[in-house]
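# Structural overview for review
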Amino acid sequence: MPGLQDAKVLAMSLTNLAKDALHVHVGLFVFFAAALLFRWSLRSWRPWLAVLFVALAGEAWDIADTWGIGGPLRLSDNWHDIWNTMLWPTVILLLARWTPVLQRR
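What you see is a predicted model, and the numbers here were worked out from it, not measured in a lab.

The next point concerns helix H3 (residues 45-68). For an α-helix the count is 3.6 residues per turn, leaving residues at separations of three or four pointing the same way. Taking 1.5 Å as the rise per residue, H3 with 24 residues should run 34 Å; its terminal C-alpha atoms sit 34 Å apart, in good agreement. Here H3 has its buried residues at Pro47, Trp48, Val51, Ala55, Gly58, Glu59, Asp62 and Asp65. Among the structural elements, helix H1 (3-15), helix H2 (19-38) and helix H4 (75-98) are those in contact with the buried residues of H3. With a side-chain oxygen positioned 3.0 Å from the backbone nitrogen of Arg46, the residue opening H3 is Ser44.

Okay, structure coming up:
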């Protein structure tokens, strides 16, 4: 089993989370960690772009691993993973930018 797949299985066993839930958690972690680490506002596109970069890099690695072992490519599965990773960072970005919900008072 390739390295990324080993890491996913280990993360799933340590957290007792399903693969889809792990994508959601990683997306939120990267979003908030990037905002905190680089002192970016949640209204900025930069934390969201950091999540998109991580999601796309992870799926590119998944595709390369699958191709490397001669497995069939399932691009709909890769899209599903990107969707799971990006959903809540996107919602938070939109709330922060266009509603008073995440505004400072």
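What follows covers the packing of aromatic side chains. In total, this model carries three aromatic pairs according to the counting rule given. Summarising the aromatic geometry, the rings of Trp45 and Trp48 are spaced 5.6 Å apart at their centres and angled 90° between planes, so their arrangement reads as edge-to-face. Of this pair, Trp45 and Trp48 are both found in helix H3, three residues apart, which corresponds to roughly one turn of the helix. Residue Trp48 is classed as buried on the basis of its relative accessible area of 17%. Taking NZ or CZ as reference, Arg97 lies 5.1 Å from the ring centre of Trp98, over its face.

The next point concerns the layout of surface pockets. The space that makes up the largest pocket amounts to roughly 330 Å³. In terms of lining, the largest pocket is formed by 17 residues, of which the most central are Gln5, Asp62, Thr66, Arg74 and Asn78. Among the secondary structure elements, those contributing two or more residues to the lining of the largest pocket are H1, H3 and H4. Considering each element in turn, the lining of the largest pocket owes the most residues, five residues, to H3. Residue composition of the lining of the largest pocket, grouped by class: five nonpolar, four polar and eight charged. Of the voids in this model, the second largest pocket is the one considered here, and its volume is about 270 Å³. Lining the second largest pocket are 14 residues, and of these Leu4, Lys8, His23, Val26 and Gly58 lie nearest its centre. Only H1, H2, H3 and H4 provide two or more residues apiece to the lining of the second largest pocket. Here the lining of the second largest pocket gets five residues from one element, more than from any other, and that element is H3. Here the lining of the second largest pocket is built from residues that sort into seven nonpolar, three polar and four charged.

Turning our eyes to something else, we now look at the confidence of the model for the protein. Looking at the protein, pLDDT values average 92 and 98% of them are 70 or higher. Confidence scores differ between elements of the protein, with H1 showing the lowest mean pLDDT of 82 and H4 the highest of 97.

Attention shifts here to the pattern of salt bridges. Scanning the model with the defined rule gives three salt bridges in all. For Lys19, the salt bridge is made with Asp81, and the minimal N-O distance between the two is 2.9 Å. Here Lys19 is found in helix H2, whereas its partner Asp81 is found in helix H4, with 62 residues between them in sequence. For Asp77, the salt bridge is made with Arg74, and the minimal N-O distance between the two is 3.9 Å.

Procedures and definitions
Residues numbered from 1 in each chain as written. Predicted model: local features only at pLDDT ≥ 70, side-chain atom pairs only at ≥ 80, totals over all residues. Heavy atoms only, no water. Helix = DSSP H or I, 4+ residues; strand = E, 2+ residues; numbered from the N terminus. Expected span 1.5 Å × (residues − 1). Buried < 20%, exposed > 50% of the residue type's maximum accessible area, 1.4 Å probe, protein only. Contact = heavy atoms within 4.5 Å. Polar contact = N/O pair within 3.5 Å; in protein donor to acceptor, adjacent residues only side chain to side chain. Phe/Tyr/Trp six-rings, centres within 6.5 Å; stacked < 30°, edge-to-face > 60°. Lys NZ or Arg CZ within 6 Å of the ring centre and 35° of its normal. 1 Å grid on protein atoms, 1.4 Å probe; cavity = no way out; pocket = protein on both sides within 12 Å on 5 of 7 lines; lining within 4 Å. Points joined across faces, edges and corners; volume = space filled by probe spheres on them. Nonpolar A, V, L, I, M, F, W, Y, C, P; charged D, E, K, R; others polar. pLDDT = per-residue confidence, 0-100. Salt bridge = Lys/Arg side-chain N within 4 Å of Asp/Glu carboxyl O.

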